[in-house]
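Take a look at the letters that make up each chain.
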Amino acid sequence: MAPATGDAPAAATDRRWLVLVVVAIAQLMVVLDSTIVNIALPSAQRSLGFANSDRQWVVTAYALAFGSLLLVGGRLGDMFSRKWVFITGLAGFALASALGGAAVSFEMLVAARALQGAFGAILAPSALGTLVSTFQDPRERGRAFGVFGSVAAGGGAVGLILGGALTQYLSWRYTLYVNLVFAVIAIVGALVYIRSNRSATRPRMDWPGAILACAGLFLIVFGFSHAETAGWTAAVTIGSLVAGAAVLAGFVLAEQRVGHPLLPLRVILDRTRGGAYVAVFLSGIAIFGVFLFLTYYMQLIKGDSPFTTGLLFLPLIGCILISSNTSSIVLLPKVGPRALIASGMLLGLIGMAYLTRLTATSSYLSGVLPALLVMGVAFGLIFAPAINTATAGVQREDSGVASALVNTMQQVGGSIGTSALSTIALTATTSYLVAHHTGALAQATAAVHGYTLAFTVSAGLFALGLILAIVLLPSRHRLEELRAEAAAITPAPAAAQPAPAPESAPVPVMEPALARAAGPATATHLETHAIPVALLCCSPVINASPRSPVAPPL
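Residues numbered from 1 in each chain as written. Predicted model: local features only at pLDDT ≥ 70, side-chain atom pairs only at ≥ 80, totals over all residues. Heavy atoms only, no water.

Digging into the overall build of the chain
Summing up its helical and strand segments, the chain has 17 helices and zero strands in all. Every one of the 554 residues in the chain was classed for burial, and the buried ones make up 57%. Within the chain, contacts between residues at least 6 apart in sequence are counted, and of these 84% link residues at least 24 apart. Counting every atom, the chain has about 20,700 Å² of accessible surface; 69% of that belongs to carbon and sulfur. (Helix = DSSP H or I, 4+ residues; strand = E, 2+ residues; numbered from the N terminus. Buried < 20%, exposed > 50% of the residue type's maximum accessible area, 1.4 Å probe, protein only. Contact = heavy atoms within 4.5 Å. Areas by Shrake-Rupley, 256 points an atom, 1.4 Å probe, with all protein chains shown as cover.)

Structure (structure tokens):
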């Protein structure tokens, strides 16, 4: 029997890495779906015969469902067995993809995309939550998050390549059918390798909070999506964004007064996690800005095919893979998240500044490739350490909603990156054409002028991210302290939880309900490491805009 006993730790370790493979496949399916469908939109439009004005709803339907239900999806993973929530999300996403691939009308396609978003909101946080609960050792956790960060940052580029190939050589329908392959592999892997477990003290669903969160996020996602076609000054755009912000403010107030909040404020008021969430948010804006405008540049200005365009992003993916794993496995334990993420923000600033030099006649080798290499390293330095840090020290019963917030930050970054930057680029292009309307290259030069202005704004966001990373994120020693605190708190049974703080104890940054829920140790920690909750108000969406802010290709 001795050999069997000796093999047990190795078998458990092998299972953990197989769980990582399963989770990475599921995450890749969700992330690449954001870009793979967009490349197929023109073909789908010709096949189903819908108008240009309706095309945005193929993207928006997914964004609205995904964004508004993400926090609820994260809480479901905390309430029930995360394994079965994960499998439910996979199966639902696959069935919705099959429905979309078989669509015979515009309405059927939009309904399928909405279902994809709903099940994606269940799947994404349960995938990351599974990873958080599976890897506890700091070194193994670093390796796992290096892989997960690579998928999170590079999946969009993979979608460009795969979507271009499927659309060009098969049919637009296969950009949806391909999800069935990913889902079947992940479901089989989950059934075999993921263990079924749930928290000993299962939280309840906060239905008032769920309604407020869904309504607020829906309004904000709709506002950003509507701005792409109607502009930022349209009454519906302004009304949706203002109403969404007001509803989310009401959600924050409500969460302070319930016993089992949908989003415990202890999760977002922690300074370390808050800094990591902000880093993911700002990087999300930039990475989808890169995909969006460089895709337009290479296809519409340089005349490359969708498949070729995807291949030209391969250097970015390669650098992300190398940088993510190196930063999370080798560098994070040595230098801590502050130095890594700040360095990533600085490199992102340099890469974006380089892209502002693009012209209509620039070559790929001299004008685009150097920036892709630098930003690939930058995104790897940011995403994997930020995701690792954002979920460090999270209690078991909060791991699902904390994971949902990571996805939320990346998705809202994509929303703002496509909506705000597209509007900026379109305005700059129009203004340039008015002033310089003559010449053979007038349209192309005007379009590139709009792109470079968007790159300039993105560079400014990286500069802001650099400052916030230095101010908010912890050093290596502080991160080690957080992990030690989590290791000391997490194993404690529910009956042994500390007594509520005395009424005389000052807790300036916490409402009484939060103080009672968190206990005095957490209250003290939040008192000294809090950040403004306004920094974390969000509305998830991840998409590349189907509308090009340029004139028709030359």
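Don't stop here, the text continues.
Side note on the confidence of the model for the chain
Per-residue confidence for the chain gives a mean pLDDT of 75; residues scoring 70 or more make up 75%. Considering only residues more than four positions removed or in separate chains, one finds that residues 1-8, a stretch of pLDDT under 50, has zero contacts. (pLDDT = per-residue confidence, 0-100.)

Considering the packing of aromatic side chains
According to the stated counting rule, one finds nine aromatic pairs in the structure shown. Their ring planes at 80° and their centres at 5.8 Å tell us that Tyr-174 and Tyr-177 sit as a pair that is edge-to-face. Placement of both Tyr-174 and Tyr-177 in helix H6 (residues 174-193) is noted, with a separation of three residues, approximately one turn of the helix. A residue is classified by how much of its surface remains accessible, and Tyr-174, at 40% relative accessible area, is partly exposed. By relative accessible area, which is 27% here, Tyr-177 ends up partly exposed. Relative to Phe-455, the ring of Phe-293 has its centre 6.3 Å away and its plane inclined at 85°; by these criteria the two rings are edge-to-face. (Phe/Tyr/Trp six-rings, centres within 6.5 Å; stacked < 30°, edge-to-face > 60°.)

Quick word on a nonpolar patch on the surface
Residues Trp-84, Val-184, Val-188, Leu-191 and Val-192 make up a contiguous nonpolar surface patch of roughly 470 Å² in combined accessible area. Sort the elements by how many residues they give to the nonpolar patch and H6 lands first, with four residues. Examined against the element boundaries, Val-188 turns out to sit in helix H6. (Patch = residues over 30% accessible without salt bridge, like charges linked within 9 Å, V, L, I, M, F, W, Y side chains within 5 Å. Salt bridge = Lys/Arg side-chain N within 4 Å of Asp/Glu carboxyl O.)

Quick word on the packing of helix H3 (residues 82-101) against helix H4 (residues 106-134)
Here H3 crosses H4 at 155°, and the two axes come no closer than 8 Å. Taken together, the axes of H3 and H4 lie roughly antiparallel to each other. Helix-helix and strand crossings are classified by hand; for H3 and H4 the assignment is left-handed. Residue classes in the contact of H3 with H4 are distributed as 14 nonpolar, 11 polar and one charged. (Axes fitted to C-alpha atoms, helices over the stretch in contact; angles between N-to-C directions. Parallel < 35°, antiparallel > 145°, perpendicular 65-115°, else oblique. Left-handed = near helix turned anticlockwise from the far one by under 90°. Nonpolar A, V, L, I, M, F, W, Y, C, P; charged D, E, K, R; others polar.)

Overview of the packing of H3 against H6
Packing of H3 against H6 brings their axes to within 8 Å, and their N-to-C directions diverge by 160°. Comparing their axes, H6 and H3 come out roughly antiparallel. In this structure, H3 meets H6 at a crossing whose hand is left-handed. Residues Lys-83, Trp-84, Phe-86, Ile-87, Leu-90, Ala-91, Phe-93, Ala-94, Ser-97, Ala-98, Gly-100 and Gly-101 of H3 form the contact with H6, whose own contacting residues are Leu-176, Tyr-177, Asn-179, Leu-180, Ala-183, Ala-186, Ile-187, Ala-190 and Leu-191. Looking at the contact of H3 with H6, its residues break down into 16 nonpolar, four polar and one charged.

A word on the environment of Asp-54
Within the secondary structure layout, Asp-54 lies in helix H2 (residues 52-79). Sequence separation of Asp-54 and Val-110 is 56 residues, and the distance between their C-alpha atoms is 9.8 Å.

Quick notes on the side chain of Ser-43
Its place among the elements puts Ser-43 in helix H1 (residues 2-48). With residues near it in sequence (within four places) discarded, Ser-43 still touches Thr-167 and Trp-172.

Concerning the side chain of Ser-327
Among the secondary structure elements, Ser-327 is positioned in helix H12 (residues 314-355). A distance of 3.0 Å separates the side chain of Ser-327 from the backbone oxygen of Ser-324, its partner in a polar contact. With residues up to four places along the chain from it excluded, the contact list for Ser-327 reads Leu-332, Leu-340, Gly-380, Leu-381, Ala-384 and Pro-385. (Polar contact = N/O pair within 3.5 Å; in protein donor to acceptor, adjacent residues only side chain to side chain.)

Quick look at the environment of Tyr-177
In sequence terms Tyr-177 and Ala-96 are 81 residues apart; their C-alpha atoms lie 9.7 Å from each other. Apart from the residues within four sequence positions on either side, Tyr-177 is in contact with Ala-98, Gly-101 and Ala-102. Looking at Tyr-177, its side chain comes within polar contact range of the main-chain nitrogen of Ala-102, at 3.3 Å.

Notes on the environment of His-477
Looking at the element boundaries, His-477 is found in helix H16 (residues 476-489). In this structure the C-alpha to C-alpha distance between His-477 and Gly-336, which are 141 residues apart in sequence, comes to 7.6 Å.

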